[in-house]
Amino acid sequence: MSARYPIIAVTGSSGAGTSTISRTFGHIFRREGIRAACVEGDAFHRYSRSEMQEKILAAELRGERGPSHFGIAANLFDELEALFAGYAETGQGLNRRYLHDTEEALHRGLPPGSFTPWEALPEDSELLFYEGLHGGVVTDKVDVARHVDLLIGVVPTINLEWIQKLMRDMQERGHSLPAVQDTILRRMDDYVHTIVPQFSRTHINFQRVPIVDTSNPFAAKDVPLPNETLVVVSFRNPAGVNFPELLTLLHGSWMTRPNTLVMPGPMLELGLQVILLPRIKALLEKRAAAQHSG
């Protein structure tokens, strides 16, 4: 890790709530005047949407399990690690965007599900902010996690994750229930072996836990509301964390272990601010010191 150009990564599975954390980081960056180079994990998928569908169909015709965006085969992990390693040293690197929908695609004159050309990151950024599936991924060939100065995991309990995916894919994308179930099953091996291990490498995990019945996610009619969830916040190293202050600021919170705090779901965004802002400032102070000494 390099203090000269720090890297913050939010990693989590699809529908885990990483977008909420990304929005909170955006507020922090704007309010504090921090120049962040933002990178979306989807930009490092290997295939466009149409290519991915072709790969899945071809695998299924051979009687094999198709690739998933969770796994090694469908992602450019070498390029992601190269970006992190290069940025940590130079503050520079190449990035692109994955165009998720028609509106994004129209602005670029490209089809939905395709990628923009690779472009240089802003030259004057103070830190890199990554949000996606693989901010802490490690394989036998790459170690993305070792380049990250602040690695944050965002994960709901598995049934809540499935409910969020079902609601999004069925209501927003028009997929059928069997089609979503097939997707969940197809990517389960990659989920277990590629996604889940990241949460043992994170510095802080935010895990959403429902307090309503989600025992059959495939029969759920809606996603539990924030006030129907709790957020379990786990610190890998609790040294230096001012838990009494956090408990005062985050009303209704309590401790369950020396490194674990539980807060009501509606407190998530405030919790992110008070927990993460001091760490972001500390990284930038180290950056300034490194530049001064250099």
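Residues numbered from 1 in each chain as written. Predicted model: local features only at pLDDT ≥ 70, side-chain atom pairs only at ≥ 80, totals over all residues. Heavy atoms only, no water.

Caption draft 1: Summary view of the overall build of the chain. Scanning the chain for helices and strands turns up nine helices and ten strands. Against the 2.2 N^0.38 benchmark of 19 Å for 294 residues, the chain shows a C-alpha radius of gyration of 19 Å, consistent with a compact globule. Here the chain has roughly 14500 Å² of accessible surface; of this, 53% comes from carbon and sulfur atoms. When the 29 positive and 34 negative side-chain charges of the chain are each reduced to one mean point, those points stand 2 Å apart. (Helix = DSSP H or I, 4+ residues; strand = E, 2+ residues; numbered from the N terminus. Rg over C-alpha atoms; globule rule 2.2 N^0.38 Å. Areas by Shrake-Rupley, 256 points an atom, 1.4 Å probe, with all protein chains shown as cover. Lys, Arg positive; Asp, Glu negative; His and termini not counted. Charge placed at Lys NZ, Arg CZ, Asp CG, Glu CD.)

Caption draft 2: Spatial organisation of the packing of helix α5 (residues 158–172) against helix α6 (residues 177–186). At a minimum axis separation of 10 Å, α5 and α6 run at an interaxial angle of 135°. Regarding the angle of α5 to α6, the classification is oblique. Both α5 and α6 take part in a crossing whose hand is right-handed. Note on element contacts: α6 touches α5 through Leu177, Val180, Thr183 and Ile184, opposite Trp162, Lys165, Leu166, Asp169 and Met170. When the residues that make up the contact of α5 with α6 are grouped by side-chain class, the tally is six nonpolar, one polar and two charged. (Axes fitted to C-alpha atoms, helices over the stretch in contact; angles between N-to-C directions. Parallel < 35°, antiparallel > 145°, perpendicular 65-115°, else oblique. Left-handed = near helix turned anticlockwise from the far one by under 90°. Contact = heavy atoms within 4.5 Å. Nonpolar A, V, L, I, M, F, W, Y, C, P; charged D, E, K, R; others polar.)

Caption draft 3: Structural detail: the pattern of salt bridges. If you walk through the whole model with that rule in mind, you get 14 salt bridges. Glu32 serves as the salt-bridge partner of Lys281, at 3.9 Å between the closest nitrogen and oxygen. With Lys281 in helix α9 (residues 268–293) and Glu32 in helix α1 (residues 18–32), this pair connects stretches of sequence that are 249 residues apart. What makes Glu32 partly exposed here is its relative accessible area of 32%. A salt bridge links Glu64 to Arg62, with the shortest nitrogen-to-oxygen separation between them at 3.1 Å. What makes Glu64 partly exposed here is its relative accessible area of 43%. Salt bridges linked by common partners bring Lys165, Arg168, Asp169 and Arg173 together as one network. (Salt bridge = Lys/Arg side-chain N within 4 Å of Asp/Glu carboxyl O. Buried < 20%, exposed > 50% of the residue type's maximum accessible area, 1.4 Å probe, protein only.)

Caption draft 4: Just the nonpolar core, in detail. In terms of nonpolar packing, the biggest core is built from 32 residues, with Ile8, Phe25, Ile152, Phe206, Val233, Met263 and Ile280 touching the most fellow members. With eight residues, the single largest contributor to this core is α9. Ranked by size, the runner-up nonpolar core spans 22 residues in total, among them Tyr5, Ile7, Leu83 and Phe84. (Core = buried A, V, L, I, M, F, W, Y, C linked by side-chain atoms within 4.5 Å.)

Caption draft 5: Expanded view of the environment of Arg46. Secondary-structure assignment places Arg46 in the loop between β2 (36–40) and α2 (49–61). The partly exposed category is assigned to Arg46, whose relative accessible area is 37%. Sequence separation of Arg46 and Thr116 is 70 residues, and the distance between their C-alpha atoms is 13 Å. With residues near it in sequence (within four places) discarded, Arg46 still touches Glu51, Ile72, Ala73, Ala74, Asn75 and Leu76. There is a polar contact of 3.0 Å between the side chain of Arg46 and the backbone oxygen of Ala73. (Polar contact = N/O pair within 3.5 Å; in protein donor to acceptor, adjacent residues only side chain to side chain.)

Caption draft 6: Focus on helix α3 (residues 77–90). For α3, with 14 residues, the first-to-last C-alpha span of 20 Å sits near the 20 Å given by 1.5 Å per residue. By the burial criterion, the buried members of α3 are Phe77, Leu80, Glu81, Leu83, Phe84, Tyr87 and Ala88. Viewed along the axis of α3, the buried residues span an arc of 155°, placing them on a single side of the element. Relative to its buried face, α3 has exposed residues pointing more than 90 degrees away, namely Asp78 and Glu89. Residues of α3 that are buried sit in contact with β1 (7–11), β2, β3 (94–95), β5 (127–132) and α7 (188–195). Following α3 by one or two positions, Gly91 has its phi on the positive side, about 75°. (Expected span 1.5 Å × (residues − 1). Arc of directions from axis to C-beta.)

Caption draft 7: Local environment of α2. Taking 1.5 Å as the rise per residue, α2 with 13 residues should run 18 Å; its terminal C-alpha atoms sit 18 Å apart, in good agreement. All buried positions along α2 are accounted for by Met52, Ile56 and Ala59. For α2, the angular spread of buried residues about the axis comes to 65°, placing them on one side. Exposed residues on α2 whose side chains face more than 90 degrees from its buried face are Gln53, Glu54 and Leu61. Buried residues along α2 sit in contact with α6. A positive phi of about 80° marks Gly63, the residue just after α2.

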